[in-house]
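Spelled out from the first residue to the last, the chains are:
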Amino acid sequence: NAGVTQTPKFRVLKTGQSMTLLCAQDMNHEYMYWYRQDPGMGLRLIHYSVGEGTTAKGEVPDGYNVSRLKKQNFLLGLESAAPSQTSVYFCASSYHPRTATYEQYFGPGTRLTVT
Amino acid sequence: KNQVEQSPQSLIILEGKNCTLQCNYTVSPFSNLRWYKQDTGRGPVSLTIMTFSENTKSNGRYTATLDADTKQSSLHITASQLSDSASYICVGLHYSGNTGKLIFGQGTTLQVKP
């Protein structure tokens with residue numbers, strides 16, 4: 001039982017390049033989330049998904065796209081990377097928020113640098 | 001605006017000492033408040049979850065308190081250990097439609113020195 005895994009762990013991009021971050025969970029969770037964490041700020045929600053085939057915008061969605069083709073995977077794409085997207089990205093998953101034991105489980109993070 | 005503010009921003013203590021971290025929140029509608037521990041290079045891990053009807057909850061050497069009237073919470077760490085060195089994040093949960101949204105504080109970085 002690996003929980004939530006993220007690939008890659010580190011990545012350096014040049015401005016304008018594209019990439020996809022992969023998140024996988026083996027807990028059969030319906031909900032999945034992508035956050036970014038910047039120094040001195042709390043985690044901010046980029047996009048989330050309430051089930052396979054669904055996605056929704058979070059607090060800071062601009063410049064990112066997501067897809068949830070399979071229940072266990074949630075992909076975060078950067079079509080044209082910008083230095084402002086230098087950050088640590090965390091994926092999380094959970095059961096339905098109204099369950100008594102609602103908890104978000106976080107992956108180890110991906111550190112992305114855009115030069 | 002939903003927000004969570006924490007103090008202090010950073011803290012250094014000696015091993016074996018106690019410390020208390022503070023959190024003020026304005027989250028509406030409020031469901032519960034959590035404290036997470038985030039080790040360097042890792043994702044956050046939940047320490048405690050408290051609803052508005054709970055005043056205190058313990059998890060080993062960690063004790064969280066909640067005052068729903070003043071919208072304040074604290075995390076007390078007893079007999080600190082080197083492994084307590086981490087960032088501690090206060091998080092409020094509110095429900096919005098079909099989702100539960102976590103509102104994160106900026107964290108308090110704790111360093112425990114031998």
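Treat the numbers as computed from the prediction; the structure is a model and nothing was measured.

In terms of regular secondary structure, chain B is built from 0 helices and 11 strands. Counting from the amino terminus, helix and strand elements in chain B follow one another as β-β-β-β-β-β-β-β-β-β-β. Its C-alpha atoms give chain B a radius of gyration of 14 Å, within 12% of the compact-globule value 13 Å for 114 residues. Counting only C-alpha atoms and orienting by the principal axes, one finds that chain B spans roughly 45 × 30 × 20 Å. Burial analysis of chain B (114 residues in total) assigns 44% to the buried set. Long-range pairs, those at least 24 residues apart, make up 55% of the contacts in chain B between residues at least 6 apart in sequence.

Inspection of the entire model under this criterion finds 2 disulfides over all chains. In this model, A:C23 is linked to A:C91 through a disulfide, with the two sulfur atoms separated by 1.9 Å. Between A:C23 and A:C91 the sulfur-sulfur dihedral comes to about -75 degrees; the bridge is accordingly left-handed. Of this pair, A:C23 sits in strand β3 (residues 19-25) while A:C91 is found in strand β9 (residues 87-94), placing the two residues 68 residues apart along the sequence. Take A:C23 and A:C91: they sit in the same class, and that class is buried. One disulfide bridge connects B:C23 with B:C90, the sulfur atoms lying 2.0 Å from each other. Handedness here is read from the sign of the S-S torsion; for B:C23 and B:C90, about -70 degrees, the answer is left-handed. Within this pair, whereas B:C23 is found in strand β3 (residues 19-26), its partner B:C90 is found in strand β9 (residues 86-96), the two being separated by 67 residues in sequence. You can call B:C23 buried: its relative accessible area is 1%. In this structure B:C90 comes out as buried when scored by relative accessible area, which is 0%.

Interface size is commonly expressed as the accessible surface area that is lost when the partners come together. Taken residue by residue, the interface counts 21 residues in chain B and 19 residues in chain A. Buried area between chain B and chain A, summed over both chains or domains, comes out near 1600 Å², and the portion from carbon and sulfur atoms is 54%. Sorting the residues of chain B by area buried against chain A places B:Y95, B:N98 and B:F104 first, and these three jointly supply 29% of that buried surface. Ionic pairing is found between B:R34 and A:E103, a salt bridge with its closest N-O pair at 3.3 Å. Joining chain B to chain A, the criterion identifies 4 residue pairs in polar contact (both at pLDDT 80 or more). Within the residue set of the side of chain B that touches chain A, elements represented by two or more residues are β4 (32-38), β5 (45-51), β9 and β10 (99-104) of chain B. Here the element with the most residues in the side of chain B that touches chain A is β10(B); it accounts for 5 residues. Residues that form the side of chain B that touches chain A fall into these classes: 8 nonpolar, 10 polar and 3 charged.

For the rest of this paragraph, the subject is the environment of A:M41. Mapped onto the elements, A:M41 comes out in the loop between β4 (31-37) and β5 (44-49). Considering only alpha carbons, one finds A:M41 and A:G77, 36 residues apart in sequence, at a separation of 22 Å.

Moving on to the packing of aromatic side chains. Here the distance between the centres and the angle between the planes together describe a pair of aromatic rings. Residues and elements named next belong to chain B. The tally for this structure, following the rule as stated, stands at 8 aromatic pairs over all chains. Ring centres of Y36 and F104 lie 6.4 Å apart, and the angle between their planes is 45 degrees; this geometry places the pair in the tilted category. Of this pair, Y36 sits in strand β4 while F104 sits in strand β10; the two residues are 68 residues apart in sequence, bridging distant segments of the chain. F104 matches Y36 in its accessibility class, with the two residues each being buried. When the ring of Y62 is compared with that of Y88, the centres are 6.1 Å apart and the planes differ by 45 degrees; the resulting orientation is tilted. Taken together, the positions of Y62 in strand β7 (residues 62-67) and Y88 in strand β9 put the pair 26 residues apart, joining distant regions of the chain. Both residues of the pair, Y62 and Y88, count as buried. In this arrangement the basic side chain of R61 is found over the ring face of Y62, its NZ or CZ atom lying 5.7 Å from the centre.

To continue, consider the sheet that holds strand β1 (residues 4-7) of chain A. Residues and elements named next belong to chain A. A sheet is described by the order of its strands in space; here 4 strands give the open sequence β1-β3-β8-β7, paired in antiparallel fashion. Only two strands of the sheet have a single partner each, and these edge strands are β1 and β7 (65-67). Strand-to-strand twist of the sheet, defined as the mean angle between neighbouring strand axes without regard to direction, takes the value 20 degrees.

Reading guide: rules and limits
Residues numbered from 1 in each chain as written. Chains lettered and ligands numbered in written order. Predicted model: local features only at pLDDT ≥ 70, side-chain atom pairs only at ≥ 80, totals over all residues. Heavy atoms only, no water. Helix = DSSP H or I, 4+ residues; strand = E, 2+ residues; numbered from the N terminus. Rg over C-alpha atoms; globule rule 2.2 N^0.38 Å. Buried < 20%, exposed > 50% of the residue type's maximum accessible area, 1.4 Å probe, protein only. Contact = heavy atoms within 4.5 Å. Disulfide = S-S within 2.5 Å. Buried area = accessible area lost by both parts, 1.4 Å probe. Salt bridge = Lys/Arg side-chain N within 4 Å of Asp/Glu carboxyl O. Polar contact = N/O pair within 3.5 Å; in protein donor to acceptor, adjacent residues only side chain to side chain. Nonpolar A, V, L, I, M, F, W, Y, C, P; charged D, E, K, R; others polar. Phe/Tyr/Trp six-rings, centres within 6.5 Å; stacked < 30°, edge-to-face > 60°. Lys NZ or Arg CZ within 6 Å of the ring centre and 35° of its normal. Pairing = 2+ DSSP bridges. Axes fitted to C-alpha atoms, helices over the stretch in contact; angles between N-to-C directions.

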